[in-house]
Amino acid sequence: MSQMSERHCPTCGISITPDQRFCTNCGTVLEAQPQPPSQYGAQPPSQSYPYPQQVPPYAQQQQQLPSYAQSPQQQVPPYMQPQKQNPIAEAFGALGLLFLLRGFGGRRYAGYRPQRQRSSCCGCLVLLVVLFLCLGVPSLYYASKTSISSISKGLNFSSGSSNSDTTFTTQPTITTVQLNETVRFFGVDITVVSIQQSQTFLDDSSSSTTGMVRLKLKEDNKSTSSARFLYSDEARLILPDKTSVAPVNEQQFGGPDAGVSRPNWLDFPVPTSVKISELTLQLGKDTEAQETIALTGKANLAQYQPKTAQLNVATQYAGLTWTITAATASLSFKGQQAGKGMQYVIVTLKVDNPTSQDFRGYYGDYIRLKSGDAKSAPTGDTTLPLSFAAGSSGSTGDVIFTIPSGSTSYTLILLSNTYTNYSQATANFQVV
């Protein structure tokens, strides 16, 4: 047996033992020799696969609970009781396991050619569908129930408090009252021809169904300037409780251009319970000279009408004769509205120059208008010439001032000039 087991190195020929892995003389790696068969004729098992360990007998037996633990009076705590499985969680777990198996469970073998994964998108779609069915559908159902409930409550409240959900196919009854009240606003003569009241106006898409008031107007702009204003900014309807209501729609939303005369209407949401004789139209912003019209047909609007005085008041200044031929006090002028507490005063002058020298001067340097303690210089709308030729007569022009309202007495001042030795001159007049 010893001779049969004797081995020699194939490189250097030195004798080696059967279990030697490499030659100690030259270092050649030796192939392992198969172990001789056992006496039973079978090959011994490989050392790379250890024998399975035998479970000891005491571990195979179920552990018995002590007698005191088997007592029926002993209640198992809730947290130790088996929990019910959530079907949604189980579905998610199964899907996750499926994708893991698809990613890592593929076999690899000789000649295997990886194929393009065509079902990944399909798998994602399946996952999205499952998510939608498990989470989206219940959420949508709950949201729809809540929304429908809220809308139903809102409709019930609306139907209980007003008729805002009422649909009209024919025009409800319209009550009309003729007024014919006129004021000048932004230089435009605005006449409130009539006032109408109805539950709604079918020719107005913005009309409320709980009550509307329509003011029919006539606009006449005789000036040479367009009226640049918006009714949505300037017009308000004042209710008996002093509530201010803006128009919801207009036939013409802005003021008319120069020389234009036209009809117009303004619609206001006003409950039908309010009497139209108790309403007041207000024109003008808080920063402007406001005009209010009581919609009774008997409103006193004299305070808003322009007042003009024909005059012949003359004074001498710089050797020239300055004559006031007319004066007008108004809350508006040439498409403009005076500021709050102010008014326009338009003074028409006729100038004669009998001297042999031309007179030249900017009106803003030497003309002023005084009313009480207030003194004002001319505005840029003044049309008075800047020069008067020697020997000329009959030159005319308007000098425009803004002065506090409420006064009827005025003084035109031609200021002194030390450079030209002109002495100050004044001319007093009234506009009643």
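Our structure is the block above this text.
Residues numbered from 1 in each chain as written. Predicted model: local features only at pLDDT ≥ 70, side-chain atom pairs only at ≥ 80, totals over all residues. Heavy atoms only, no water.

### Looking at the sheet that holds strand 21 (residues 395–404)
Then, number 1: With antiparallel pairing, the four strands of this open sheet are ordered in space as 12-13-16-21. Unpaired on one side and paired on the other, strand 12 (307–317) and strand 21 mark the two borders of the sheet. Sheet twist, expressed as the mean angle between neighbouring strand axes with direction ignored, is 25°.
Then, number 2: As paired strands, strand 13 (residues 320–330) and strand 16 (residues 342–352) are joined by nine bridges and run antiparallel to one another. Looking at strand 16, one finds that Ser330 is bridged to Tyr344. (Pairing = 2+ DSSP bridges. Helix = DSSP H or I, 4+ residues; strand = E, 2+ residues; numbered from the N terminus. Axes fitted to C-alpha atoms, helices over the stretch in contact; angles between N-to-C directions.)

### Brief notes about the sheet that holds strand 4 (residues 188–198)
Then, number 1: An order of 3-4-5-9-8 is seen for the five strands of this open sheet, with the pairing classed as antiparallel. Each edge of the open sheet carries a strand with a single partner, namely strand 3 (175–185) and strand 8 (249–250).

### Quick word on the pattern of salt bridges
Then, number 1: Applying the stated criterion across every chain, the model contains eight salt bridges.
Then, number 2: Its salt-bridge partner being Asp257, residue Arg228 comes within 3.6 Å of it at the nearest N-O pair. Linking Arg228 in the loop between strand 5 (212–220) and helix 4 (231–234) with Asp257 in the loop between strand 8 and strand 9 (261–269), this pair joins segments that are 29 residues apart in sequence.
Then, number 3: Of the residues examined, Asp257 reaches a relative accessible area of 39% and is grouped as partly exposed.
Then, number 4: Of the charged contacts, one joins Lys350 and Asp352 as a salt bridge, the two residues approaching to 3.2 Å between their closest N and O atoms.
Then, number 5: Here the residues in one salt-bridge network are Asp203, Arg214 and Asp267, joined through shared partners. (Salt bridge = Lys/Arg side-chain N within 4 Å of Asp/Glu carboxyl O. Buried < 20%, exposed > 50% of the residue type's maximum accessible area, 1.4 Å probe, protein only.)

### Some thoughts on the nonpolar core
Then, number 1: Core analysis: the largest hydrophobic core is formed by 37 residues, its most contacted members being Leu215, Leu237, Leu279, Leu281 and Leu295.
Then, number 2: Among the secondary structure elements, those contributing two or more residues to this core are strand 3, strand 4, strand 5, strand 6 (235–238), strand 9, strand 10 (280–283) and strand 16.
Then, number 3: Excluding anything up to four places from it in sequence, Leu281 contacts Val192, Leu215, Arg236, Leu237, Phe268, Glu291, Thr292, Ile293 and Leu295.
Then, number 4: Residues Ala309, Tyr317, Phe401 and Ala425 belong to the second largest nonpolar core, which totals 28 residues. (Core = buried A, V, L, I, M, F, W, Y, C linked by side-chain atoms within 4.5 Å. Contact = heavy atoms within 4.5 Å.)

### Some words on the environment of Thr200
Then, number 1: Within the fold, Thr200 resides in the loop between strand 4 and strand 5.
Then, number 2: Overall, the relative accessible area of 4% leaves Thr200 in the buried class.
Then, number 3: Between the C-alpha atoms of Thr200 and Thr167, which are 33 residues apart in sequence, the distance is 10.0 Å.
Then, number 4: Contacts of Thr200, omitting those with residues within four sequence positions, involve Phe168, Gln171, Pro172, Ser207, Ser208, Thr209 and Met212.
Then, number 5: Side-chain polar atoms of Thr200 contact the backbone oxygen of Ser208, separated by 2.9 Å. (Polar contact = N/O pair within 3.5 Å; in protein donor to acceptor, adjacent residues only side chain to side chain.)

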